[in-house]
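Observations on chain architecture
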Amino acid sequence: MKRLFYPLGILIIGLSACSVNKTVKMDEVKFPSFSAEAHRGGRGLVPENTIIAMKDAMSYPAVTTLEMDTHITKDGKVVVTHDDYLSPGFMLTPDGKEIPASDAKKYNVFKMDYSELRKFDIGTKPHKEFPQQRKVKTYIPLLAELIDSVQTEVKTKGKKQYFYNIETKCSAKGDGVTNPTPEVFVKLLMEVIKSKKIENYVVIQSFDKRTIQILHKEYPHIKTSFLVSNKKSYEENMADLGFKPFILSPAYNMVDASLVKKAHADGVKVVPWTANTPEEVARLKSFGVDGIITDYTNLL
């Protein structure tokens, strides 16, 4: 498929392996002036939240940021996947069979050890919502493995340093059912991030305000993003969170020029999700947003 590029006036930054300035310190790295983000690695084109997807996103010059979701397994591993339960819609069992709709809540990620989870195929079954998606047999990766793969690409192929926008998939009603408590989630996630030495390249986002409130208190140097999809005003969402995050990330249809202006007055960036047409992208740009999250990486 021919790849089309729609310029967004993005300033691409990064640390190229061939740059003469190889001694730049982590704390000198600046967030992109426009964060062009591949949602779940660009699930419109490749299987979501996979290493294959992230590497594909890195092949588009405009992309600055890799967006992904994380869950915690029964054995305490941080894995990159979106749904609480393995989806009958686009996953296959280890023996290549479809998951019946009646088993939609059979495979709870939080109740599975990673060795079991990894055997399921996330990339072969056609995804009816994304007919352009390339099909390839692949698996749900560990966050640590995904980071290693991206950083190896950066170091060995002279690519710029990418940012990671990592969502915590948790909720109060899911505590102990589909996710650990937010304190445990944050602890396990930060252990991976710190071990990989990418703290300054990370934004942690969540609809669960508890996650980013903990980060704001215990890891104030970590950039946070508050995901919202509601009818509240900008002021109401900020009051609900209790502090000004690095980013406010609203559903794209919540965004207008007034919201962007209010956020910028508070020093808060606005990065909407998930704009999937050239028209949506252009409209958001006209409001002065600080980035866009899209399923279709070729729009960037």
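This text goes with the structure placed above it.
Below, the structure is looked at part by part.

Each value, and the rule that gives it
Residues numbered from 1 in each chain as written. Predicted model: local features only at pLDDT ≥ 70, side-chain atom pairs only at ≥ 80, totals over all residues. Heavy atoms only, no water. Phe/Tyr/Trp six-rings, centres within 6.5 Å; stacked < 30°, edge-to-face > 60°. Helix = DSSP H or I, 4+ residues; strand = E, 2+ residues; numbered from the N terminus. Buried < 20%, exposed > 50% of the residue type's maximum accessible area, 1.4 Å probe, protein only. Salt bridge = Lys/Arg side-chain N within 4 Å of Asp/Glu carboxyl O. Expected span 1.5 Å × (residues − 1). Contact = heavy atoms within 4.5 Å. 1 Å grid on protein atoms, 1.4 Å probe; cavity = no way out; pocket = protein on both sides within 12 Å on 5 of 7 lines; lining within 4 Å. Points joined across faces, edges and corners; volume = space filled by probe spheres on them. Nonpolar A, V, L, I, M, F, W, Y, C, P; charged D, E, K, R; others polar.

This structure, assessed with the given rule, holds six aromatic pairs. Look at phenylalanine 31 and phenylalanine 246: their rings are 5.2 Å apart centre to centre, the planes differ by 90 degrees, and that puts the pair in the edge-to-face class. Residue phenylalanine 31 is located in the segment before strand E1 (35–38), and its partner phenylalanine 246 is located in the loop between helix H6 (234–241) and strand E7 (247–250); the two are separated by 215 residues in the primary sequence. On the basis of relative accessible area, phenylalanine 246 is assigned to the partly exposed category, the value being 24%. Judged by centre distance (6.3 Å) and plane angle (55 degrees), the rings of phenylalanine 130 and tyrosine 296 are tilted. On the criterion of sequence distance, the pair formed by phenylalanine 130 in the loop between helix H2 (114–117) and helix H3 (143–156) and tyrosine 296 in the segment after strand E9 (291–294) is long-range, its members being 166 residues apart.

Applying the stated rule across the entire model yields 17 salt bridges. Put simply, lysine 169 and glutamate 167 hold a salt bridge, and the shortest N to O gap is 3.0 Å. Here lysine 169 and glutamate 167 have matching classes, each one buried. Aspartate 240 is paired through a salt bridge with lysine 209; the nearest N and O atoms lie 2.7 Å apart. In this pair, aspartate 240 sits in helix H6 while lysine 209 sits in helix H5 (residues 209–218), placing the two residues 31 residues apart along the sequence. A residue is classified by how much of its surface remains accessible, and aspartate 240, at 28% relative accessible area, is partly exposed. On the basis of relative accessible area, lysine 209 is assigned to the partly exposed category, the value being 29%. Taken together, the salt bridges that share partners define one network made up of Arg40, Arg43, Glu48, Asp69 and Asp295.

Look at helix H4 (residues 182–195): 20 Å from first C-alpha to last across 14 residues, which is about the 20 Å you get at 1.5 Å a residue. Here H4 has its buried residues at Pro182, Phe185, Val186, Leu188, Leu189, Met190, Val192 and Ile193. Structurally, H4 contributes buried residues whose contacts are with strand E2 (65–72), strand E3 (78–80), H3, strand E4 (163–168), strand E5 (202–206) and H5. One or two steps after H4, the chain reaches lysine 197, where phi turns positive at roughly 55 degrees.

All right, on to empty space enclosed by the protein then. One pass over the structure, following the stated rule, counts one cavity of 30 Å³ or more. In this structure, the largest cavity spans a volume of roughly 30 Å³. Partitioned by chemical class, the residues of the lining of the largest cavity number four nonpolar, three polar and two charged.

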